[in-house]
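Below, each chain spelled out in residue letters.
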Amino acid sequence: MHGHIIPTRTYLLVCGALLVLTGATVAANFVELGVFNTVAALAIAGAKAALIVLYFMHVRYSGGLTQLIVLAGLLWLGLLLVGAMDDYLTRGWLPVPGK
Amino acid sequence: MTTRRHALRAPLAHHFDTLEQQHDANVLGMWVFLLTELMLFGALFLMYTVNRYAYARVFEEGSRHLDLAFGAVNTAVLIVSSLLMALAVHSAQSGSSRFRTALLLMGTAALGTTFLVIKGFEYYHHWEAHEVPGLNWLWTGANAPQIQIFFMLYFFMTGVHAIHLIIGITLVAIMLLNTLRGKYNEMYYAPVEMTGLYWHLVDVIWVFLFPLLYLVAKH
Amino acid sequence: MATLSLPRPHYLNVNFGVRSWLLTTDHKRIAVMYIITVTLMFVLGGAAATLMRLELLTPDPDWVDAMTYNKLFTAHGIIMIFFFLVPVIPAVLGNFLVPLMIGARDLAFPRLNLASWYVYLAGAAFTLWAIVSGGVDTGWTLYTPYSTTSSTTHVISTTLGIFIAGFSSIMTAINFIVTIHRMRAPGLTWMRLPLFIWNIYATSIILVLATPVLAITLILVALERVTHVGIFDPQLGGDPLLYQHLFWFYSHPAVYIMVLPGMGVVSEIITAFSRKRLFGYKVVAFATIAIAIFGFLVWGHHMFVAGMSVHAALMFSILSYAVAIPSAVKVFNWTATLYKGSISFDTPMLYALGFIGLFTIGGLTGLFLAALGTDVQLHDTYFVIAHFHYIMVGGAVSAYFGGLHFWWPKMTGRMYPEMWGRIAAIAIFLGFNVTFFPQFILGFLGMPRRYHVYPPEFQWLNVISTAGGILLAIGYLLPALYLIPSLWIGKPATANPWQATGLEWQTSSPPPPDNFSQTPVVTSGPYNYGGEVEEVG
Amino acid sequence: MPQLWPDQASTVAGRVDALMIFMLALACAITLIVTTLVVVFSIRYRRRSPNEVAQQTKGSNRLEFAWSAIPFALAMVVFFWGANLYFELSRPPDDSTEVYVIGRQWMWKFVHATGQEEINELHVPINKNIKLTMTAQDVIHDLFVPDFRVKDDVLPERYTTAWFNATKPGQYHLFCSQYCGTNHAEMIGWVYALTAEDYQSWANGGPTSNPAAAGAQLFQSLGCAQCHKPDNSGPGPSLVVLFGSRVQLADGSTLVADENYIRESVMNPNAKVVAGYQPIMPTFQGRINDDQMVQLIAYIKSLNGNPNPAPSATP
Ligand code: HEA
Ligand code: HEA
Ligand code: CUA
Ligand SMILES: [Cu+2]
C-alpha cells in the first residue's frame, strides 16, 4: 500500500539505543545526584518514549496530522499537570493563611 | 505490479471510496484512540505527582520495597517485544511471507506474556510481604497510610497497564491467526499496523512507569 | 413485487422489523434510536426536577424527606448531564447530519457507532438501576470524601454507569473526528464546512481529551469506597482537592461539550431563516476551536473557595475571562447575521433567537462567578443554579429543540404543525424565564443550593420559580403531543422545505439509505443564499 | 416590599456589592444591546415575500476586532477588581480575634479564645475583626454568612480561614454551603453581632478555661513536654515562638509554621522533618481528636509572647 517503509536496520538500532538507555537509567540510580536523579530518570524516559514514538510508531515519517495528534497529546497532558500542580506548588506563595 | 495488486484481496467497506481512504481512516481512528489512552494514564500521572510532592520521603521508602531487577528486566522485555512488533508490521507492510510475519507476532505475544509472568511474580512477592493495600495490608513501619498510598498507586498503575497488555496480547493473537489465514497483504494490513501502534503505546507508558515507581530512591 | 409505483426507497422503509433496527449500522437509524433513549432520559430527569420544584414550594419538608430530596437532585443532575445533554445533540443530530452535511455515505466506523448506542444503554441501565434500587445522594459532582466514605447509597454502580457512558461518548467522538477528516465530499474544504460540523468537530476533540480523565477518576472513587484505601480521603492521607481538580478537568470542558453543538445548530438555523451568509464565518469557526482549547484552562474556577492556592485562583479566574471572548464573538456575529436578512419566524428560528438571549444572560452571569470577589458570595448558591440552567436549558436544550424541528422534515419526511410549534416555543421561553430568573435573586440573597428546607423569607421567589417550572413542563409536553402524530398525519416534506443551503437538503426527505444517489461535488462556500454582497463596517 | 438585596452587615459587604453593581450594570447593558439589536433586526428585516432574496453583507475585520477587544478590556477590569477584592476577603487583618470552628455532620462548633464554646450559634462583637480558623471532622463543609459576604470551605485534616468585621448589631443566617450529606440543609445557625457591652455581658456568662490552657495540659499529659523543652535541651526542637516563623526542613526547603504545619507535625511527623533533628517523633494520629488539636495549636500559639495562661506547663 502506501506509507514509508523503514529499513530493518533502523529498527534494530533504535532497539539497541532503547536497551542502552534502560541500562543507563538503572545505572544512574546507583549514583547520588540529589534531585537530578529524578530529572535524569525522566529525561531518559522522555528520550526512550521519543524513540519509540518516532520510529516504532513511524511518527517521524507520517503525515502532519499524526504529528499534530502526538503534539496535542503532550500539550494536554502538560495542561493537566501544570494546571493542577500550579495549585499545590504555589500554596503559601501569597500571604494568605492556609492557601 | 498493478495486476498483482488487483489480484490481492482487500475488503473495501461500502461507505469508503478508495482503499487508501479506508486505510487512512482506520489509522487516524487508532491515533485518536491512543490520545484517549494517554489522557487516561495522564490522570494517573497527576495523582502520582501530587502525592509524591506531598510525601516525597515516603515515596522513596516505598520505592525501595520494589525490586529493581524485576522492573529493569521487564523494561527490556517490553522493548524487545516492541521491536518484534515493529518488525512484524514491517514484514506485513512489505509483503513478506506470511510465516515471517506470524513468527514475529508470535515472538511479540510471547514476550508480552513473559512480562506478565514476571509481573505476576512481583505481585506475589508483595503479597507475601503483606504489601497489597485493601487486601492483606500490614505495615509496621512509620507512615503507614502514606506508604499505602504509594502501593495503591503502584498496583493501580501497573494493574491498568497490565490490563492493557492483556488486551494487546489478545489483539496480537488475533492478528497472528488472521495472518496465517492469509487475510493480510501489502494492500491491506491496517489491522496489523493498528495493533502495532497500540502495542507501542503500552510500551511507552511502561517506559514512564518504570522510573516513576522503581527509581524514586537509590536502591 | 408487482406494484407499479414502488415507493421511493429511503432509510426508513428499506427494511422493517425490530432486528433491522437493533442491528442497523446506518447512522440515520442509530440517530433515531438515540432520539428515543435520550428523550426517555430527559423525561426522567425532568420528572425529578418537577418533584424538586414542588418540594421547594414551601420552606418546610412537605412531600419528600431530606434523603429523598438529595437523591432527587443527584438523579436529576446525573441523568440530565451524562445521559441527556452531553450525548443529545452529537448523538442525535450529529449522527444524522455529519455524513449528510459532508456528502459521505456513512460515518467512518458504522459498527462502532452502533456499539456506542449499546454502550450508552448499558451505562444508562447501570445508573438507572442504582437510582431505582435505592438511589445515590452525592450530587452529580460526587465530591470526596463524602462519596467515598460517608454516603451510604449506591455510589459504586452509579460511577460505573457514568464510566461506561463515557466510552460511548469517546466512540462517537472518534467516529466524528475521523469522518470529518477523511470523508468529506470532493471540493468540501475546511473553510466550506457548515458551522455545525465545526462545532461537532470541536466537541469531539473535547470529548476525546477530557472523558478518559473522568473515567479513571471515578474508578478510583469506587475503589476507594471498596478498599478504604485511597488518595481522595484526607483521613487516609489523601487529598479531596485532587479529586476536584480531576473532576473539573473533565466537567468544565464538558460544559462546552454541552453548548458547542447547540451553537452549531443555532448557526445553521439563523442563516437559513434569515437567508444570509453567516457574518464573519471564519472568525466564528476559529472561535469554536478557541473555545475547545481554552475551555481546558479554566477548570479551577469551580474551586475558588475550596482551599486552592490564591495563585491558582488568580490564573483560573483570568483564563475564564479569556474563554468568554470567543463566546462573545459568536453572539455578536449571529446578531450581525440578522442585519439586512430576510427573516422568517418559523419554530426553529424562535428557538434560535431565544438561544441568543438566554445564552447571553447565562454567559454574562458566568462572569459574576468567574470574578474572584463575587464568587465568594455566589458559590454554591442558587445563583450558580440559575447561571447554568440559563445556558444549558435556555441555551443548549432550546438549540436541540430548534434543531429537531429544523431537521424534522429531513428525518421523518413529514412537516410538523407550524402553529403548535410556535406556541410551544413561546411557552417554553416564558416558562423558562419564570422558573430560573428568580433564582438569580435567591442566590445573591444567600440561598444555598441542595437545600430542601430554607428560611421562610426565601419562599416568595421559590413559589414563582415552581410556578414557572410547571409552565415549563407543559411547554415541553407540547412537542411530544404534536411531533409524534405528525409522523402519520404531517404534510409530506419536500427535499428542501426551508430553501436552505447545505448538502443535507440536496438529497431527498427522508434520505436514501446511502444518503446520496451520487457523491456530491462542492464548488462554493457554505450558506450561499444568493443576493448581492455589500461591505459593512 | 419583599427583599431583593441582602443586608450589608460587614465591612466588606459594601465593597463586594460595588463590584456586583458594576457587573450588573455591565450585564444589563450588554443584554440590552444584544436583545435590542435582535428584536430590531427581526422586525425591520422580516421576510415580506416567500421568495425574497436577502442582501448579503461581507464580514468586517474592524467589527470583529472591536467586539473582541472591548469585551476583553471590560473583562480585565472585572478580573482585577475581583482579584483585588479576593485578597481582601481572604487575608485576615493582623489584629483579629481568633475563633476556632469545627464542622461536622451536621452541626457547627465554635470555640472562642476566651473559652466559650457554642453550637450552631456564634456571638461576636461588632466593629472587631474576627478571624475564623476552621476544620472539619468528617467531610467537606462550608461556612457561609450571606449578610457578611463570607464563605469558605471547611476541610477535614486541614485548616482554612475566613474573617469578617460585623458592622450592625443583629442576627444573621449561617449556612453550610457545601453539600455534606442527608441533613446538609439543617447544618445552619445564627451569627449574633452584639454591641461591645452586650458582648461583654454574654462573654461573662461563659466558662473560664480557655483552649490554650487546655492545650497546655494536653501538652503535659500526651508527653510532648518530654521532648519539646523551651531551652532546646530535649530531643525535639523548642516550640517557643515557632508559630508564624520560618522553619528549615531536613530536605533543604523552608516553610512558614502555620496551623496546617503544626497539625501535620503531630499527625504525620515524618512527612516534614526539621533540619538537624531525627525523625523520632511518634505520630499522634488517632490519639488526638479535632477539639484537642485546636487546643494544642492554641497553646503553641500562646508561646509566641502573649503572657502564658498556664505557667505550670511551660515547655
Ligand atoms: C453548557 C454549560 C455551561 C457553559 C457554556 C458555561 C459557561 C461559563 N461558565 Fe459556567 N457552569 C455550568 C455550566 C456552564 N457554564 C455548570 C453546570 C456549573 C455548575 C456546576 C456545579 O457546581 O454543579 C457552572 C459553574 C460555573 C462557575 C463556578 C461557580 C461556583 O460554583 O462558584 C463559574 C465560575 O467562574 C462559571 C463560569 C462560566 C463562564 C465564565 C462561562 C463562559 O464560557 C460564558 C461565556 C459567554 C458569555 C460571556 C456571554 C456572551 C458574551 C457577550 C454577549 C459579550 C460580552 C462579554 C464580555 C463583557 C466578556 N460557571
Ligand atoms: C441538562 C441539564 C439540565 C436540565 C435540562 C435541567 C432542567 C431543569 N432543572 Fe436542573 N439541574 C441540573 C441540570 C439540568 N437541569 C444540574 C446539573 C443540577 C445540579 C445537581 C446537583 O446539585 O448535583 C440541577 C439542579 C437543579 C435544581 C437545584 C436543586 C438543588 O440544588 O437543590 C433545580 C431547582 O429548581 C432544578 C430545576 C430544573 C427544572 C425545573 C428543569 C426543567 O427545565 C425540566 C423540564 C423538563 C421536564 C419537566 C420533562 C419534560 C416534560 C414532560 C415530558 C412533560 C410531562 C412531565 C411532567 C409533568 C413531570 N435543577
Ligand atoms: Cu455541612 Cu453542608
Ligand atoms: Cu466551569
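Everything that follows concerns the structure shown earlier in this document.
First things first, this report covers the structure right here in the doc. (Residues numbered from 1 in each chain as written. Chains lettered and ligands numbered in written order. Predicted model: local features only at pLDDT ≥ 70, side-chain atom pairs only at ≥ 80, totals over all residues. Heavy atoms only, no water.)

1. Details of the overall build of chain B
Helix and strand counts for chain B stand at 7 helices and 0 strands. Each helix and strand of chain B, placed in order from N terminus to C terminus, yields the pattern α-α-α-α-α-α-α. Across its three principal directions, the C-alpha atoms of chain B cover 75 × 30 × 30 Å. When the 219 residues of chain B are sorted by exposure, 63% land in the buried category. For chain B, the computed accessible surface area is about 8100 Å², with 66% contributed by carbon and sulfur atoms. (Helix = DSSP H or I, 4+ residues; strand = E, 2+ residues; numbered from the N terminus. Buried < 20%, exposed > 50% of the residue type's maximum accessible area, 1.4 Å probe, protein only. Areas by Shrake-Rupley, 256 points an atom, 1.4 Å probe, with all protein chains shown as cover.)

2. Details of the coordination of the iron atom of ligand 1
Residue and element names in this part refer to chain C. Counting protein donors to the iron atom of ligand 1 gives just one, His387 (NE2), placed at 2.2 Å. If you look at the iron atom of ligand 1 and the copper ion (ligand 4), they sit 4.3 Å from each other. Topologically, His387 is positioned in helix 13 (residues 382-412). (Donors = N, O, S within 2.8 Å, 3.2 Å for Na, K, Ca; no water.)

3. Re the side chain of Thr57 of chain D
Topologically, Thr57 of chain D is positioned in strand 1 (residues 56-58). One polar contact links Thr57 of chain D to Lys276 of chain C, side chain to side chain, over a distance of 3.0 Å. (Polar contact = N/O pair within 3.5 Å; in protein donor to acceptor, adjacent residues only side chain to side chain.)

4. Considerations on the site of ligand 2
Residue and element names in this part refer to chain C. Residues in contact with ligand 2 amount to 32 residues; listed here are only the nearest, Arg53, Tyr69, His76, His389 and Arg450. Within the backbone of Trp140, one N or O atom sits 2.9 Å away from an oxygen atom of ligand 2. Here an oxygen atom of ligand 2 and a side-chain polar atom of Tyr382 are 3.2 Å apart. Grouping the amino acids of the shell around ligand 2 by side-chain chemistry returns 22 nonpolar, 7 polar and 3 charged. (Near = heavy atom within 4 Å. Nonpolar A, V, L, I, M, F, W, Y, C, P; charged D, E, K, R; others polar.)

5. Concerning the coordination of the iron atom of ligand 2
Geometrically, a metal with four donors at the corners of a regular tetrahedron has ideal angles of 109.5 degrees, and one with six donors at the corners of a regular octahedron has ideal angles of 90 or 180 degrees. All names here are of chain C. Only His76 (NE2) and His389 (NE2) from the protein reach the iron atom of ligand 2 as donors, at distances of 2.0 Å. Relative to the metal, the 6 donor atoms surrounding the iron atom of ligand 2 lie at angles of 86 to 180°, and the coordination shape comes out octahedral. Of this pair, His76 sits in helix 3 (residues 66-102) while His389 sits in helix 13, and the two are 313 residues apart along the sequence. (Tetrahedral: all angles 85-135°; square planar, octahedral: opposite > 155°, others 65-115°.)

6. A word on the sheet that holds strand 9 (residues 160-164) of chain D
Residue and element names in this part refer to chain D. On the basis of which strands lie adjacent, the open sheet formed by 5 strands has the order 4-3-2-6-9 and mixed pairing. Each edge of the sheet is formed by a strand with only one pairing partner; in this case those strands are strand 4 (117-119) and strand 9. Mean inter-strand twist for the sheet, computed between neighbouring axes without regard to direction, equals 25°. Of the strand pairs in this sheet, strand 2 (residues 97-104) and strand 6 (residues 130-136) are connected by 7 bridges, and their pairing is parallel. Within the sheet, the bridge partner assigned to Glu98 lies in strand 6 and is Lys131. (Pairing = 2+ DSSP bridges. Axes fitted to C-alpha atoms, helices over the stretch in contact; angles between N-to-C directions.)

7. Topic: the pairing of strand 10 (residues 170-176) of chain D
All names here are of chain D. Taken across its 7 residues, strand 10 has 5 buried, putting it largely inside the fold. With 2 bridges joining them, strand 7 (residues 141-145) and strand 10 adopt antiparallel strand pairing. Pairing of Leu143 across the sheet is with Cys176, part of strand 10. Pairing between strand 10 and strand 11 (residues 189-194): 5 bridges, direction antiparallel. Pairing of Leu174 across the sheet is with Gly189, part of strand 11.

8. Things to note about the sheet that holds strand 11 of chain D
Residues and elements named next belong to chain D. Taken together, 5 strands build an open sheet; the order of strands is 5-11-10-7-8 and the sheet is mixed. The open sheet is flanked by strand 5 (121-125) and strand 8 (150-154), the only strands paired with a single partner. The average undirected angle you get between the axes of adjacent strands in this sheet is 20°.

9. Quick notes on the packing of helix 2 (residues 27-55) of chain C against helix 3 of chain C
Residues and elements named next belong to chain C. Two elements in contact, helix 2 and helix 3, have axes whose closest approach is 8 Å; the angle formed by their N-to-C orientations is 155°. Considering the angle they form, helix 2 stands roughly antiparallel to helix 3. Crossing of helix 2 against helix 3: the hand is left-handed. A breakdown of the residues in the contact of helix 2 with helix 3 according to their chemical character gives 25 nonpolar, 5 polar and 2 charged. (Parallel < 35°, antiparallel > 145°, perpendicular 65-115°, else oblique. Left-handed = near helix turned anticlockwise from the far one by under 90°.)

10. Some points on the site of ligand 1
What surrounds ligand 1 is a group of 30 residues, the closest being Tyr256, Asp375, His379, His387 and Arg449 of chain C. Positioned at a junction of chains, ligand 1 has nearby residues supplied by chains C and D. At a separation of 2.8 Å, an oxygen atom of ligand 1 approaches a polar side-chain atom of Trp140 of chain C. One of the side-chain nitrogen or oxygen atoms of Tyr256 of chain C is found 2.6 Å away from an oxygen atom of ligand 1. Looking at the shell around ligand 1, the elements with two or more residues in it are helix 8 (240-274), helix 10 (310-338), helix 11 (347-370) and helix 13 of chain C. For the shell around ligand 1, the element with the most residues is helix 11 of chain C, which contributes 8 residues. Looking at side-chain class alone, the shell around ligand 1 contains 20 nonpolar, 8 polar and 2 charged residues.

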